[in-house]
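Here is what each chain is made of, one letter per residue.
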Amino acid sequence: SQQGEEDPQALSIQEGENATMNCSYKTSINNLQWYRQNSGRGLVHLILIRSNEREKHSGRLRVTLDTSKKSSSLLITASRAADTASYFCATARTSNTDKLIFGTGTRLQVFP
Amino acid sequence: DVKVTQSSRYLVKRTGEKVFLECVQDMDHENMFWYRQDPGLGLRLIYFSYDVKMKEKGDIPEGYSVSREKKERFSLILESASTNQTSMYLCASSYLGQAQEKLFFGSGTQLSVL
């Protein structure tokens, strides 16, 4: 079963606006990661936040983690057309350290 | 930079054919993974491997097998392809002990079974 569920499923914004995507999960985790996928290509790792961290930044990316609510958000500031892609959260469950569980993704469209 | 290479970007096969999907990584990673990606279902783990000749079932192994004869190469085998195996297949790799850390993905193989 899918651990991470992203919302919204799709998001359309103008260049320069901020984009926020959310991920909810069900069980205890060691870390949560966000990946990006350009159309028809493989996934690229963006950022990892551990269960004892609340916020992390990487360039225009800001990730928050609320373990009490079992949720995370990814904020992309000052979006660019090149940010158009699908974004996936992936959770590392404490109960199964062999793998990551990926969500269904948010499809982001940034219009010039 | 780590490079994970999948041998084919697009593949069209007929029902009942035996299909081989190849994946090679150049960073001496111990862990290798095969996922399939379907719209609305996200990525689902088919098989993974921690070492040469070692394999573990993922969440949806039925209809698939794998082979890891060399550390850098992980092959996914569809013994008798069926139309419900039409999907995007993604290979990934990571260092030993980092199965839950950053994964490096190939570009994917879009398989169509007719």
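Up top is the structure.
Now for a quick tour of the structure. Nothing here was measured: the structure is a model prediction, and the numbers come from that model. (Residues numbered from 1 in each chain as written. Chains lettered and ligands numbered in written order. Predicted model: local features only at pLDDT ≥ 70, side-chain atom pairs only at ≥ 80, totals over all residues. Heavy atoms only, no water.)

1. Quick look at the side chain of Ser 87 of chain B
Structurally, Ser 87 of chain B is set in strand β9 (residues 87–94). There is a polar contact of 3.0 Å between the side chain of Ser 87 of chain B and the backbone oxygen of Gln 37 of chain B. (Helix = DSSP H or I, 4+ residues; strand = E, 2+ residues; numbered from the N terminus. Polar contact = N/O pair within 3.5 Å; in protein donor to acceptor, adjacent residues only side chain to side chain.)

2. A look at unusual backbone geometry
Cis rather than trans, the peptide bond between Asp 7 of chain A and Pro 8 of chain A has omega equal to 0 degrees. Its location among the elements puts Pro 8 of chain A in the loop between β1 (5–7) and β2 (10–14). Unlike most non-glycine residues, Asp 28 of chain B shows phi in positive territory, near 60 degrees. Take Asp 28 of chain B: it is sitting in the loop between β3 (19–25) and β4 (31–38). Look at Lys 53 of chain B: it is not a glycine, yet its phi comes out positive at around 65 degrees. In this structure, Lys 53 of chain B sits in the loop between β5 (42–49) and β6 (56–57).

3. A look at the packing of aromatic side chains
Taken as a whole, this structure holds nine aromatic pairs over all chains when the rule is applied. When the centroid spacing of 5.8 Å and the interplanar angle of 85 degrees are considered together, the rings of Tyr 35 of chain A and Phe 105 of chain B count as edge-to-face. Residue Tyr 35 of chain A is located in strand β4 (residues 29–37), and its partner Phe 105 of chain B is located in strand β10 (residues 104–105); the two belong to separate chains. Taking relative accessible area as the criterion, Tyr 35 of chain A reaches 0% and is therefore assigned buried. Its relative accessible area of 11% is what places Phe 105 of chain B among the buried residues. Pairing Phe 102 of chain A with Tyr 35 of chain B gives two aromatic rings, centres 5.4 Å apart and planes at 85 degrees, and the pair type is edge-to-face. (Phe/Tyr/Trp six-rings, centres within 6.5 Å; stacked < 30°, edge-to-face > 60°. Buried < 20%, exposed > 50% of the residue type's maximum accessible area, 1.4 Å probe, protein only.)

4. Some remarks on the interface of chain A and chain B
Across the contact, 25 residues belong to chain A and 23 residues belong to chain B. Of the roughly 1,800 Å² buried between chain A and chain B, counting both surfaces, carbon and sulfur atoms make up 47%. Taken together, the links from chain A to chain B amount to two salt bridges. Of the charged contacts, one joins Arg 50 of chain A and Glu 101 of chain B as a salt bridge, the two residues approaching to 2.9 Å between their closest N and O atoms. Summed over the shared surface of chain A and chain B, the number is 13 residue pairs in polar contact (both at pLDDT 80 or more). For the side of chain A that touches chain B, the elements supplying multiple residues, two or more each, are β4, β5 (43–50), β9 (85–93) and β10 (101–102) of chain A. (Contact = heavy atoms within 4.5 Å. Buried area = accessible area lost by both parts, 1.4 Å probe. Salt bridge = Lys/Arg side-chain N within 4 Å of Asp/Glu carboxyl O.)

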